[in-house]
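Listed below, chain by chain, are the residues.
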Amino acid sequence: MSIAVFASGSGSNFERLVEVSRDQKWPVPIRLLVCDKPGAKVLERAERLGIPAVCVSPKTFADKAAYETFVLAELDKHGIEWIVLAGYMRLIGSTLLDAYPWRIVNIHPSLLPAFPGKDAIGQAFAYGVKVSGVSVHLVDEEMDTGPLLAQVPVLLEEDDDLESFTTKIHQAEHRLYPEVVYRWITGAIKTPDMKG
Ligand code: GAR
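Note that this is a predicted model, so its numbers are computed, not measured.

What counts, and where the lines are drawn
Each residue is numbered by its place in its chain's sequence as written, counting from 1. Two thresholds apply to this predicted model, a pLDDT of at least 70 for residue-level local features and 80 or more for giving and counting side-chain atom pairs, whereas whole-chain, interface and lining totals are computed over all residues. Note that the side-chain values use all heavy atoms of the structure and ignore hydrogens as well as water. Domain start and stop points were drawn from an automatic or database domain assignment. Whether two residues are in contact is decided by their heavy atoms: any pair within 4.5 Å suffices. Values labelled buried area give the accessible surface lost by two parts on being combined, using a 1.4 Å probe and summing over both. Salt bridges are defined by distance alone: a side-chain nitrogen of Lys or Arg within 4 Å of a carboxyl oxygen of Asp or Glu. In this text, helices come from DSSP runs of H or I with a minimum length of four residues, and strands from runs of E with a minimum of two, each type numbered from the N-terminal end. Only protein chains enter the accessibility calculation, which uses a 1.4 Å probe. A residue is then buried if its area is under 20% of the maximum for its type, exposed if over 50%, and partly exposed in between.

1. Quick word on the domain arrangement of the protein
When cut into domains, the protein gives domain 1 (1-101) and domain 2 (106-177 + 184-189). Computed from C-alpha atoms alone, the centre-to-centre distance between domain 1 and domain 2 is 20 Å. Tallying the contact residues gives 17 residues for domain 1 and 14 residues for domain 2. Of the roughly 1,400 Å² buried between domain 1 and domain 2, counting both surfaces, carbon and sulfur atoms make up 70%. It is Asn 13, Trp 82 and Leu 85 in domain 1 that bury the most area against domain 2; as a group they hold 34% of the surface buried on that side. At the junction of domain 1 and domain 2, the tally comes to zero salt bridges.

Here is the structure:
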């Protein structure tokens, strides 16, 4: 039993998850990084942390199903039971959803259902909200929907600019995500299939 993290970009959440899982000796280790963006910074982090990475561009496949069938085979090879999306900027398709029912979790940098999609931090800042935050939710077939597992608020204060607001959101993510993933993989958080 092990966890795969999927990421497309910088990978700060990926790194934090690996660090915390090692420090806390999680019963289920993170054994694989799946990346869809060749050259992404997260790949350097994976190498430094000694986590094997699979990185292919979906563009090299005929369609999403073919790409996900390839990914599925990699997940099988590594005995992956849980998928943690950490800045994976791609909609999960039915091939992976069917293979991992309620076993895919995502983090999003807003208080969903507000500001789904790309650049949620910039969207909230431009709107002029007084409070935004971070959401962790199970993944279903749509973008940033699916049952919420946890949310934390982050204040947008008078002296915040986009940079300081972004930093605050990322700090909240780095605190929240490892805590929620740990509770999820150890069964402390019940998924819809576990509820009677
Ligand atoms: C994070 O803020 C994450 O919430 C966001 O991408 C960033 C990745 O940062 N995800 C989404 O917007 C998903 N819709 P990281 O690569 O440094 O972990």
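2. Here we look at the pattern of salt bridges
Tallied over the full model, the rule gives eight salt bridges. The partner of Glu 157 in a salt bridge is Lys 168, and the shortest N-O contact between them spans 2.7 Å. Here the residue Glu 157 occupies a position in the loop between strand 7 (148-155) and helix 6 (162-185), and Lys 168 occupies one in helix 6, the gap between them amounting to 11 residues. For Glu 157, a relative accessible area of 42% translates into the label partly exposed. Among the charged side chains, a network of salt bridges with common partners joins Glu 15, Arg 45 and Arg 48.

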